[in-house]
Amino acid sequence: MGALSVSVDEAARGARVRPRVVEIYAAAAADWNRAAGIVGRSFRSARELRSHERRFASEAVYGMIRGRRRYAFEATGADDAPPDVLYLVWLLREIGDAPSVRAELSSLGVDLGELDTAGDRLERIADPIARLAVRESYPDWIVRRLVAERGLDDTARLCAAMNRRAPLTARANRLKNTASELVARLKEEGVIAHAAPLAEDGVVLDTHLNAFGLAAFREGRFELQDVASQCAAELVAPPPRGSVLDACAGAGGKTLALGARLANRGRLVALDVSERKLEELKERARRAGLTNVQALLVDDFFARGERTEALPLFDRVLCDAPCSGLGVIRRHPETRWRLQPGELDELPGTQRAILDRYAERVAPGGRLIYATCTVTAVENDQVVDGFLAAHPSFEEAPAKEILGSERALAIGDGRRLRLLPHVHDTDGFFAAVLRRKA
């Protein structure tokens, strides 16, 4: 049974599913900063649900998070509504109409006449930005920021695309198989997949199954990774047997991609502030068969330099900087509710400080790659342009010089990587390459 292959009446009654959906959503909404972890843990502990019920419950929770403002407006004219109301409106809009659901909404105080004319009420919102924000279910301030940079029409397309579910994409581990070989291997396990058009090692799984349970995953043949992130790793273009520093490695998605590109040769150092994430990186590296990865806490790395007075220089330094995450809302819809305007104002200073710090670790003639998973110019182009203005020893290396014009234009503007959900059906991603003059 597919994730949504239930009747609306069945879903409304759902003795097991509905209470769990309401409970999980309410817990997430109580603390949007921890929502992703709350939702993940809640589903892992939902052992009373069958597999198809768990898939349906997941669709419902994430659908309610995405559509929170729109559904609340349709039901009550407000920006939020009780979880029971949001769930029932989600059922009506996404599964289908049913008298039982409408009757229950009425019993919860929802005016069915207002619900039926919500579209007309939406069109009567005078401010086009506020109207877009309600229609696509985003805070006004985020939409205003995006419109200021991109214009109203492009922002409307972007917001709509970020409300669609992201495809399940994997990166074939080239140490063990090519993308085409992985597609064939997955077929043996009954999983239909095809090559991703924009990533050399990318594979799209035509399903939303638990990929971690596949034998091909346990064998280290692939890692789940969005195509945009794979393209950013490609832009790093590590030289054969070269040295690479992944300065903000996290759990190592790009670290593993870079290690595979280095074919287990050269030196690859991965840094992060989280010991837990580095332990996960080490486990993933073992499964992938990578032997040239050294994972270190940031403080430990710089402490070594203080002891020896000679930190190493690298051919490539990747700074996948902390950012607002507006480019990955398809995968993390709670981001729109978690993020505050002050954070977006502070982030460029943090991002620039990271670039300044790690620029010192780039060897003469080497490259510093700045990347984010966001779509705002203030976090992307403005940070890079400010860095170049303050560092005359660096110059920009256009993407077309690294990847060739055709490839660079497929994933950006020829100069910088720019991937967007409504243009490329990927996460929103940005990257620029800065070369240290020899």
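In case you missed it, the structure is sitting above this.
Calculation criteria
- Residues numbered from 1 in each chain as written.
- Predicted model: local features only at pLDDT ≥ 70, side-chain atom pairs only at ≥ 80, totals over all residues.
- Heavy atoms only, no water.
- Helix = DSSP H or I, 4+ residues; strand = E, 2+ residues; numbered from the N terminus.
- Rg over C-alpha atoms; globule rule 2.2 N^0.38 Å.
- Buried < 20%, exposed > 50% of the residue type's maximum accessible area, 1.4 Å probe, protein only.
- Contact = heavy atoms within 4.5 Å.
- Lys, Arg positive; Asp, Glu negative; His and termini not counted.
- Charge placed at Lys NZ, Arg CZ, Asp CG, Glu CD.
- Core = buried A, V, L, I, M, F, W, Y, C linked by side-chain atoms within 4.5 Å.
- Axes fitted to C-alpha atoms, helices over the stretch in contact; angles between N-to-C directions.
- Parallel < 35°, antiparallel > 145°, perpendicular 65-115°, else oblique.
- Left-handed = near helix turned anticlockwise from the far one by under 90°.
- Nonpolar A, V, L, I, M, F, W, Y, C, P; charged D, E, K, R; others polar.
- Polar contact = N/O pair within 3.5 Å; in protein donor to acceptor, adjacent residues only side chain to side chain.
- Pairing = 2+ DSSP bridges.
- Disulfide = S-S within 2.5 Å.
- Phe/Tyr/Trp six-rings, centres within 6.5 Å; stacked < 30°, edge-to-face > 60°.
- Lys NZ or Arg CZ within 6 Å of the ring centre and 35° of its normal.
- Expected span 1.5 Å × (residues − 1).
- Salt bridge = Lys/Arg side-chain N within 4 Å of Asp/Glu carboxyl O.

The next point concerns the overall build of the chain. Per the secondary structure count, the chain includes 23 helices and 12 strands. Whereas a compact globule of 438 residues would reach a radius of gyration of roughly 22 Å, the chain reaches 23 Å, a difference of no more than 12%. With the C-alpha coordinates of the chain rotated into their principal frame, the extents come out at 70 × 50 × 45 Å. The buried share of the chain, reckoned over its 438 residues, is 55%. Put simply, of all contacts in the chain between residues at least 6 apart along the chain, 70% involve residues at least 24 apart. If you average the places of the 64 positive and of the 63 negative side-chain charges in the chain, the two averages end up 4 Å apart.

If a residue is not glycine, its phi is most likely negative; likewise, a peptide bond is most likely trans. If you check the backbone angles, Ser137 has positive phi at about 65 degrees while not being a glycine. What makes Ser137 buried here is its relative accessible area of 2%.

A few words on the nonpolar core. One recurring pattern in soluble globular proteins is that nonpolar side chains are buried together. Judged by nonpolar contacts, the single largest core of 36 residues is most densely connected at Val21, Tyr87, Trp90, Leu91, Val101 and Leu105. Those elements giving two or more residues to this core turn out to be helix 2 (17-30), helix 3 (35-44), helix 4 (51-76), helix 5 (83-94) and helix 6 (99-107). The biggest single contributor to this core is helix 4, with 9 residues. Core analysis: the next-biggest nonpolar cluster, separate from the first, contains 33 residues, Leu268, Val328, Ile402 and Ile411 among them.

This next bit is on the packing of helix 19 (residues 341-359) against helix 20 (residues 381-390). Axis separation between helix 19 and helix 20 bottoms out at 10 Å; the angle between their running directions is 45 degrees. With respect to their mutual orientation, helix 19 and helix 20 come out oblique. Both helix 19 and helix 20 take part in a crossing whose hand is right-handed. Of the residues in helix 20, those touching helix 19 at Pro348, Gln351, Arg352, Leu355, Asp356 and Ala359 are Val383, Gly386, Phe387 and Ala390. Across the contact of helix 19 with helix 20, the residue classes tally to 6 nonpolar, 2 polar and 2 charged.

Let's shift gears to the side chain of Gln351. Turning to its location among the elements, Gln351 is positioned in helix 19. Taking the relative accessible area as the measure of exposure, Gln351 reaches 0% and is therefore buried. At 3.4 Å, the side chain of Gln351 and the side chain of Tyr370 are in polar contact. Among the polar contacts listed, one links the side chain of Gln351 to the side chain of Glu379, at a separation of 3.2 Å. Excluding anything up to four places from it in sequence, Gln351 contacts Ala321, Pro322, Cys323, Tyr370, Glu379 and Val383.

Quick look at the environment of Arg164 now. Along the chain, the position of Arg164 falls in the loop between helix 11 (152-162) and strand 1 (168-172). Sequence-wise, Arg164 and Leu205 are 41 residues apart; in three dimensions their C-alpha atoms are separated by 16 Å.

For the rest of this paragraph, the subject is the sheet that holds strand 4 (residues 222-224). To summarise the sheet geometry, strands pair through backbone hydrogen bonds and adopt either a parallel or an antiparallel arrangement. The strand order across the open sheet formed by 4 strands is 2-3-1-4, and the pairing between neighbours is antiparallel. Two strands close off the open sheet at either side, each with one partner strand: strand 2 (193-195) and strand 4. Each neighbouring strand pair of the sheet contributes to a mean axis angle of 30 degrees, computed without reference to strand direction. Taken together, the 3 bridges between strand 2 and strand 3 (residues 202-205) define a ladder with antiparallel strand orientation. By the bridge assignment for strand 3, Ala193 is matched with Leu205.

Before going further, it helps to examine the state of the cysteines. By the definition in use, this model includes 0 disulfides. Among the cysteines around Cys319, which has no disulfide bond, Cys248 carries the closest sulfur, lying 5.4 Å off. In this model Cys373 remains outside any disulfide bridge; the closest cysteine sulfur is found in Cys323, 3.5 Å from its own.

So, on to the packing of aromatic side chains. Overall, the coordinates contain 9 aromatic pairs when judged by the stated rule. On the basis of an interplanar angle of 85 degrees and a centroid distance of 5.1 Å, the ring pair of Phe301 and Phe302 is categorised as edge-to-face. What makes Phe301 buried here is its relative accessible area of 3%. Residue Phe302 is classed as buried on the basis of its relative accessible area, which comes to 12%. In this structure an aromatic cluster arises from ring pairing among Phe56, Tyr87 and Trp90. The ring of Trp337 is capped by Arg68, whose NZ or CZ atom sits 4.7 Å from the centre of that ring. The positively charged end of Arg357 is found above the aromatic ring belonging to Phe302, 3.7 Å away from the centroid.

Right, let's talk about helix 16 (residues 275-288) for a bit. Here helix 16 spans 20 Å end to end across 14 residues, near enough to the 20 Å set by a 1.5 Å rise per residue. Regarding helix 16, the residues found buried are Leu278, Leu281, Arg284, Ala285, Arg287 and Ala288. Elements that come into contact with the buried residues of helix 16 comprise helix 13 (215-218), strand 4, helix 15 (253-261), strand 6 (267-272) and strand 7 (293-297). Within two residues after helix 16, Gly289 carries a phi angle of roughly 80 degrees, on the positive side.

Let us look at the pattern of salt bridges. Summed over the entire model, instances satisfying the criterion amount to 49 salt bridges. Salt-bridge contacts for Asp84 lead to Arg18; the nearest nitrogen and oxygen are separated by 3.4 Å. Pair noted here: Asp84 is in helix 5 and Arg18 is in helix 2, with a separation of 66 residues, a long-range link. Two residues, Asp97 and Arg102, come together in a salt bridge whose shortest N-O distance is 3.6 Å.

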